[in-house]
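Next come the chains, spelled out residue by residue.
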Amino acid sequence: MRDVAEASEVLWSSPVRVRVGYGFPETIRGPREALEYLNWRWPVREGTYYIRALKECAACLQRNIPLEKVRETFVLASIEAKMLS
């Protein structure tokens with residue numbers, strides 16, 4: 001159980017700000033939050049970077065992919081979906 005708690009607290013060196021629809025910018029601080037957004041709030045369920053970000057966020061939480069590589073992919077997915085704020 002301890003490993004799960006530690007994985008959920010993994011944070012990027014710099015947060016990513018996204019805008020869902022016409023709402024206010026929202027701050028994503030790490031792969032756990034990014035995965036929740038990708039699964040539940042993302043407006044576009046397709047795209048090269050969207051699919052890659054889903055896979056990389058999940059893998060990062062299991063310590064299989066470097067944290068900053070996942071952040072970069074999430075930023076690219078945000079640009080692809082026209083959500084980067």
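Here we summarise the structure given alongside this text.

1. With respect to the overall build of the chain
Okay, so step 1: Along its length, the chain carries four helices and two strands.
Okay, so step 2: For a compact globule of 85 residues, the expected C-alpha radius of gyration is about 12 Å, and the chain comes in at 12 Å, within 12% of that figure.
Okay, so step 3: Taken over the C-alpha atoms alone, the chain extends approximately 40 × 25 × 20 Å along its principal axes.
Okay, so step 4: Partitioning the contacts of the chain with sequence separation of at least 6, the portion at a separation of at least 24 is 51%.
Okay, so step 5: When the 13 basic and 11 acidic side-chain charges of the chain are each reduced to a single mean position, those positions are 4 Å apart.

2. Observations regarding the packing of helix α3 (residues 48–61) against helix α4 (residues 67–80)
Okay, so step 1: Following both chains from N to C, one finds α3 and α4 inclined at 150°, their axes separated by 8 Å at the closest point. As summarised for this structure, α3 and α4 are arranged roughly antiparallel, according to the angle between their axes. In terms of crossing hand, the pair formed by α3 and α4 is left-handed. Residue-level inspection shows Thr48, Tyr49, Tyr50, Arg52, Ala53, Glu56, Cys57 and Cys60 of α3 in contact with α4, the latter providing Leu67, Lys69, Val70, Thr73, Phe74, Leu76, Ala77 and Glu80.
Okay, so step 2: Counted by class, the contact of α3 with α4 contains 10 nonpolar, two polar and four charged residues.

3. A closer look at the nonpolar core
Okay, so step 1: By size, the foremost hydrophobic cluster in this structure holds 20 residues, and its most contacted members are Trp12, Val18, Ile28, Leu38, Trp42 and Phe74.
Okay, so step 2: Sorting the residues of this core by element identifies β1 (16–19), α2 (31–40), α3 and α4 as the ones contributing at least two each.
Okay, so step 3: The element contributing the most residues to this core is α3, with five residues.

Rules behind the numbers
- Residues numbered from 1 in each chain as written.
- Predicted model: local features only at pLDDT ≥ 70, side-chain atom pairs only at ≥ 80, totals over all residues.
- Heavy atoms only, no water.
- Helix = DSSP H or I, 4+ residues; strand = E, 2+ residues; numbered from the N terminus.
- Rg over C-alpha atoms; globule rule 2.2 N^0.38 Å.
- Contact = heavy atoms within 4.5 Å.
- Lys, Arg positive; Asp, Glu negative; His and termini not counted.
- Charge placed at Lys NZ, Arg CZ, Asp CG, Glu CD.
- Axes fitted to C-alpha atoms, helices over the stretch in contact; angles between N-to-C directions.
- Parallel < 35°, antiparallel > 145°, perpendicular 65-115°, else oblique.
- Left-handed = near helix turned anticlockwise from the far one by under 90°.
- Nonpolar A, V, L, I, M, F, W, Y, C, P; charged D, E, K, R; others polar.
- Core = buried A, V, L, I, M, F, W, Y, C linked by side-chain atoms within 4.5 Å.
- Buried < 20%, exposed > 50% of the residue type's maximum accessible area, 1.4 Å probe, protein only.

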